[in-house]
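Each chain is listed here by its residues.
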Amino acid sequence: MSDGAIPFDAASLIVAHDEGNAYDAVVPPIAQTSLFTFNDYDEMIASYRGEKVRPIYTRGLNPTVRMFEEMLAKLETAEDALGFASGMSAISSAVLSFVEPGDRIVAVRHVYPDAFRLFGTILQRMKIDVTYVDGRDEEAVARALPGAKVFYMESPTSWVMEAHDVGALAALAKQHGVVSMIDNSWASPVFQQPITLGVDLVIHSASKYLGGHSDVVAGVVAGSRELIARIKAEAYPYLGGKLSPFDAWLLIRGLRTLPIRMKAHEASALQIARRLNAHDVVEQVCHPGLTNALPPGLTGTSGLFSFIFREGVDIRAFADRLRLFKLGVSWGGHESLIVPGEVVLQQKAQPNSAQTFGIHARSVRLHVGLEGTEALWSDIEQAIAIAT
Ligand SMILES: *Cc1c(COP(=O)(O)O)cnc(C)c1O
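Structural notes, computed from the coordinates. (Residues numbered from 1 in each chain as written. Predicted model: local features only at pLDDT ≥ 70, side-chain atom pairs only at ≥ 80, totals over all residues. Heavy atoms only, no water.)

## A few points about unusual backbone geometry
- Here S155 and P156 are connected by a cis peptide whose omega angle stands at -5°.
- As for its position among the elements, P156 is in the loop between strand 4 (150–154) and helix 7 (166–175).
- Even without being a glycine, M161 presents a positive backbone phi close to 60°.
- Within the secondary structure, M161 is located in the loop between strand 4 and helix 7.
- The residue S214 is not glycine, and still its phi comes out positive at about 55°.
- Mapped onto the elements of the fold, S214 is located in the loop between strand 6 (201–205) and strand 7 (219–223).
- A residue is classified by how much of its surface remains accessible, and S214, at 43% relative accessible area, is partly exposed. (Helix = DSSP H or I, 4+ residues; strand = E, 2+ residues; numbered from the N terminus. Buried < 20%, exposed > 50% of the residue type's maximum accessible area, 1.4 Å probe, protein only.)

## Topic: the packing of aromatic side chains
- Across all of its chains, the model carries nine aromatic pairs by this definition.
- An angle of 45° between the planes, with centres 5.5 Å apart, marks the rings of F116 and Y132 as tilted. Highlighted residues: F116 in helix 5 (residues 113–125) and Y132 in strand 3 (residues 129–133), separated in sequence by 16 residues.
- Accessibility expressed as a relative area gives 11% for F116, which makes it buried.
- Both rings, one in F116 and one in F357, keep their centres 5.1 Å apart while their planes meet at 85°; by these two values the pair is edge-to-face. Of this pair, F116 sits in helix 5 while F357 is found in helix 15 (residues 354–357), placing the two residues 241 residues apart along the sequence. (Phe/Tyr/Trp six-rings, centres within 6.5 Å; stacked < 30°, edge-to-face > 60°.)

## A look at the side chain of E76
- Its place among the elements puts E76 in the loop between helix 3 (63–75) and strand 1 (80–84).
- Within the buried set, E76 has no salt-bridge partner at all; the shortest N-O distance to an opposite charge, 13 Å, is to R261.
- In contact with E76, not counting residues within four places along its chain, are N184, P189, Q192, Q193, P194, I195, V202, H204 and A222. (Lys, Arg positive; Asp, Glu negative; His and termini not counted. Salt bridge = Lys/Arg side-chain N within 4 Å of Asp/Glu carboxyl O. Contact = heavy atoms within 4.5 Å.)

See the structure below:
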């Protein structure tokens, strides 16, 4: 568990961003507008010629979205960031900006299932191959990298929680001239700042912890000015998955409490994981905080983990009996959620493979929310009593 230190200036999340404007409102106003008009012809032509950077149309530049992008860049110690309409939009725009037909990408196994499906459908049709590697096996990564264009990481992975030495993997990618990217949704910048570990681009599903209130679907990519400029040049405007001003405003609200929310998720989830680990109906708990040491660069753990029941537990009865934990996908909000592995394994989406995602049929994924550890543990205990 982390020592309570927050690795950045949390005050910068809280101060008003609009001092001197709009009555010094403590919450910034939203530029909820699709377009911005010009005072005269000269102003318009100056803007078209690129002599003056100002908002023209929200798909390109919007002040509220920009405010979120700047806050997130700062949190990730990145030079720049771009906000997207979803995490998948951020992932697809980032990856597609660095590949062309005939290229190959290397990805750690057990990536987020829709990222896996993006690679197995659209990228495959574009003749872009993907090599999957166990991210814990640095020799396998080193063997796969030569000749690749992109190295795509996620750590820890979102169901079985395989955690990687992100700095070591990023260094390998750098050695081979491969652009490295990481899905950092699980740890958030509070517990992992991949840019400081040498990763080129950091991606988030902002729908999870950055938003934190289960009311936004959004994504973001952060990195150097140069790499972000490459995404901004084509994928951002032409694929057009732009973050909306209202969602950016909700994300700004969410970011202000990110550090304290992450501490609360961490503390509750760790206690519940430890108690499950000691419980005789549980075969295995997949939570990076239960191992001897977190991998270098990961300074804390979040609220999402999974565990495997022993044979004979009625998982349907367990799921239906829970009161505080709701059956639901996604995670990162205030509320506690469960997803039974056996349900996910029935999903019709293609490509799909239990082996690819590492999902065990007797596993349950938990998101531990902010309801309080003891209330959540009582809920689990009474549901286990019914199910065994
Ligand atoms: C949810 C999720 C995504 C996709 O994000 P959306 O905002 O739903 O598009 C990507 N990666 C991880 C790890 C996720 O959990």
